[in-house]
Amino acid sequence: MSKDKIQILSSGNIFVEQGVISIETKLLEMLDETENDLYIIMYVISEKPENFWMKLENLLKRNVKVNFVIEGPKYREHQKVSNILNRFKKEYKSFHLYLFFDKYPLHAKLLVSDGKRAILGSANISGGGIVQNHEIAVYIEGEKAWTLKKLAKELIHKISNK
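Residues numbered from 1 in each chain as written. Predicted model: local features only at pLDDT ≥ 70, side-chain atom pairs only at ≥ 80, totals over all residues. Heavy atoms only, no water.

Caption draft 1: Representation of the overall build of the protein chain in the model. Scanning the protein chain from terminus to terminus reveals six helices and eight strands. Each helix (α) and strand (β) of the protein chain, taken in turn from the N terminus, gives the series β-β-α-β-α-β-α-α-β-β-β-α-β-α. Since a compact globule built from 162 residues should have a radius of gyration of about 15 Å, the 15 Å found for the protein chain is in line with a globular shape. A principal-axis box enclosing the C-alpha atoms of the protein chain has dimensions of 45 × 35 × 35 Å. A total of 162 residues make up the protein chain; the buried ones form 50% of that total. Restricting to contacts in the protein chain with at least 6 residues of sequence separation, those with at least 24 account for 75%. (Helix = DSSP H or I, 4+ residues; strand = E, 2+ residues; numbered from the N terminus. Rg over C-alpha atoms; globule rule 2.2 N^0.38 Å. Buried < 20%, exposed > 50% of the residue type's maximum accessible area, 1.4 Å probe, protein only. Contact = heavy atoms within 4.5 Å.)

Below is the structure:
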């Protein structure tokens, strides 16, 4: 039987209650703990929160491999984010950007750190998604995080071979 650790995360003020952790807090903590690789699959992302981008760049400076998958049309809509991601792609060999184009959108919101920890939920990485909007996510530590990493790798394989 799996011994995964599961925690409920939320943003916004409706879901806040005792024992529920802020999505932003757990996300930033997970970035700090990442040692080898990070998989990010997002529908949309914004330039806020700035501390996310700062921590992501710190990972890249430490040569942590970052695989970033984003819905292609949404990537093109957000010029500031496109500029950040393109700069990362140019400056860091450990940064890999994948744009998803299909007749059905990629609406997943997943982060996997080292195959050991994951956040899976409804929140995009944006000021609204992880702070203001009323979102729910789960933090997973253990075997299921490895399974989510395998799914992320499979998605990247399929995108890369189109």
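Still more to cover.
Caption draft 2: Representation of the pattern of salt bridges in the model. One pass over the structure, following the stated rule, counts eight salt bridges. Between Lys-55 and Asp-32 there is a salt bridge, with its nearest N and O atoms 2.7 Å apart. Here the residue Lys-55 occupies a position in helix α2 (residues 50–61), and Asp-32 occupies one in helix α1 (residues 23–33), the gap between them amounting to 23 residues. A relative accessible area of 19% means that Lys-55 is categorised as buried. Residues joined in a network through salt bridges with shared partners are Glu-33, Asp-114 and Arg-117. (Salt bridge = Lys/Arg side-chain N within 4 Å of Asp/Glu carboxyl O.)

Caption draft 3: Broad picture of the nonpolar core. Residues Ile-40, Phe-52, Trp-53, Leu-56, Phe-68 and Phe-95 are the most contacted members of the largest nonpolar core, which totals 33 residues. Where this core is concerned, the elements lending two or more residues are α1, β3 (37–42), α2, β4 (65–71), α4 (79–91), β5 (95–100) and β8 (135–141). Residues in contact with Ile-40, not counting those within four places in the same chain, are Phe-52, Leu-56, Val-66, Asn-67, Phe-68, Val-69, Leu-110, Leu-111 and Ile-125. The next biggest cluster of nonpolar side chains, apart from the first, holds 16 residues, and it includes Ile-41, Leu-106, Ala-118 and Ala-152. (Core = buried A, V, L, I, M, F, W, Y, C linked by side-chain atoms within 4.5 Å.)

Caption draft 4: Summary view of the packing of aromatic side chains. Under the counting rule described, the total for this entry stands at five aromatic pairs. With a centroid separation of 6.0 Å and 75 degrees between ring planes, the pair formed by Phe-88 and Tyr-92 is classed as edge-to-face. Grouping residues by exposure puts Phe-88 and Tyr-92 together as buried. Relative to Phe-95, the ring of Phe-88 has its centre 5.6 Å away and its plane inclined at 75 degrees; by these criteria the two rings are edge-to-face. Of the two residues, Phe-88 and Phe-95, neither departs from the other in class, the shared state being buried. Among the aromatic residues, those joined into a ring-pair cluster are Phe-52, Trp-53, Phe-68, Phe-88, Tyr-92 and Phe-95. (Phe/Tyr/Trp six-rings, centres within 6.5 Å; stacked < 30°, edge-to-face > 60°.)

Caption draft 5: View of unusual backbone geometry. Positioned with a positive phi, Asn-63 is a non-glycine residue whose angle comes to about 65 degrees. Examined against the element boundaries, Asn-63 turns out to sit in the loop between α2 and β4.

Caption draft 6: Main features of the confidence of the model for the protein chain. A residue-level look at the protein chain finds 96% of positions with pLDDT of 70 or above and a mean pLDDT of 90. Mean pLDDT across the elements of the protein chain bottoms out in helix α5 (residues 127–132) (70) and peaks in strand β6 (residues 110–113) (98). (pLDDT = per-residue confidence, 0-100.)

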